[in-house]
Amino acid sequence: LGICLGSQLIARAFGARVYKLPAAAAHTAYPVVPASSFSAPAGHEYGFLAQQTTQAGWDDPILGPSLQRSGATVFQEWHEDSFDLPGEAVLLGTRSVGATNQSFRIGPSTYGFQYHIEVGEALAQKWHNGWRRMWTLTPDEEKALAKELKGQIKSGAIGKSEVFVHEFVQRWLNVARRESGARL
């Protein structure tokens, strides 16, 4: 199971290219609109951003039921690198802006998520506070990011992602147990 850098490492281990996102609006995603007027650097994805699950993702025996049970569609992103999809990988999730390869599976139990399935409300607050200090943002941009995070909390989106990670990991461990014959 690879998350963010871990997904990039899995992609690389299976022969795919890992690269920096180009510093262009087409490869930039922030949760404030318009991202093109945001003063943070281009070529980054940050914030709780909607994921587009492919049909293969919905049909996946671990991902599909986990998404359906949790109702999660929005997950935390924080990266400036991406990867090409390995040849034997099944694309499970994508985005039309930023890094297009967002989640994949190789074989029955090797999963890569470019986004952070593990980020719940407490960690999101810590990351938000740390991220704000990484770049000089205008007061309006800081307010917009804080408002966006509060909106994600209030809407229940972050709670749904917390349910998702528990559902997904339990299902994933069950498959890993069956594959290895081990008690995990």
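Residues numbered from 1 in each chain as written. Predicted model: local features only at pLDDT ≥ 70, side-chain atom pairs only at ≥ 80, totals over all residues. Heavy atoms only, no water.

Caption draft 1: Molecular detail of the overall build of the chain. Per the secondary structure count, the chain includes 6 helices and 9 strands. Taking all 184 residues of the chain together, the buried fraction comes to 46%. Here the chain displays about 9000 Å² of accessible surface, and carbon together with sulfur accounts for 55% of that area. (Helix = DSSP H or I, 4+ residues; strand = E, 2+ residues; numbered from the N terminus. Buried < 20%, exposed > 50% of the residue type's maximum accessible area, 1.4 Å probe, protein only. Areas by Shrake-Rupley, 256 points an atom, 1.4 Å probe, with all protein chains shown as cover.)

Caption draft 2: Main features of helix H3 (residues 63–70). Regarding H3, the residues found buried are Leu-63, Gly-64, Ser-66, Leu-67 and Ser-70. One face of H3 carries all of its buried residues, which in axial projection span an arc of 170 degrees. In H3, the exposed positions that point more than 90 degrees away from the buried face belong to Gln-68 and Arg-69. Of the surrounding secondary structure, the elements contacted by the buried residues of H3 are strand S4 (52–53), helix H2 (55–59), strand S5 (74–79), strand S7 (90–94), strand S9 (110–113) and helix H6 (157–180). Immediately beyond the C-terminal end of H3, within one or two residues, lies Gly-71, with a positive phi of roughly 75 degrees. (Arc of directions from axis to C-beta. Contact = heavy atoms within 4.5 Å.)

Caption draft 3: Layout of the pairing of strand S8 (residues 101–106). For S8, the tally of buried residues reaches 6 of 6 residues, placing the bulk of the element in the interior. Judged from the 4 bridges that link them, S7 and S8 form a sheet pairing that is antiparallel. Across the sheet, Leu-91 pairs through a bridge with Phe-104, a residue of S8. The sheet contact formed by S8 and S9 spans 4 bridges and is antiparallel. Bridging from a neighbouring strand, Ser-103 pairs with Phe-113 of S9. (Pairing = 2+ DSSP bridges.)

Caption draft 4: Focus on empty space enclosed by the protein. Considering all chains together, one arrives at 1 cavity of 30 Å³ or more under this definition. Each pocket or cavity is described by its volume, and for the largest cavity that value is around 60 Å³. Looking at the largest cavity, it is lined by 10 residues, and the ones nearest its centre are Tyr-46, Gly-47, Gln-76, His-128 and Glu-148. Looking at side-chain class alone, the lining of the largest cavity contains 6 nonpolar, 3 polar and 1 charged residues. (1 Å grid on protein atoms, 1.4 Å probe; cavity = no way out; pocket = protein on both sides within 12 Å on 5 of 7 lines; lining within 4 Å. Points joined across faces, edges and corners; volume = space filled by probe spheres on them. Nonpolar A, V, L, I, M, F, W, Y, C, P; charged D, E, K, R; others polar.)

Caption draft 5: Layout of unusual backbone geometry. Look at Cys-4: it is not a glycine, yet its phi comes out positive at around 55 degrees. Assignment of secondary structure puts Cys-4 in the loop between strand S1 (2–3) and helix H1 (5–13).

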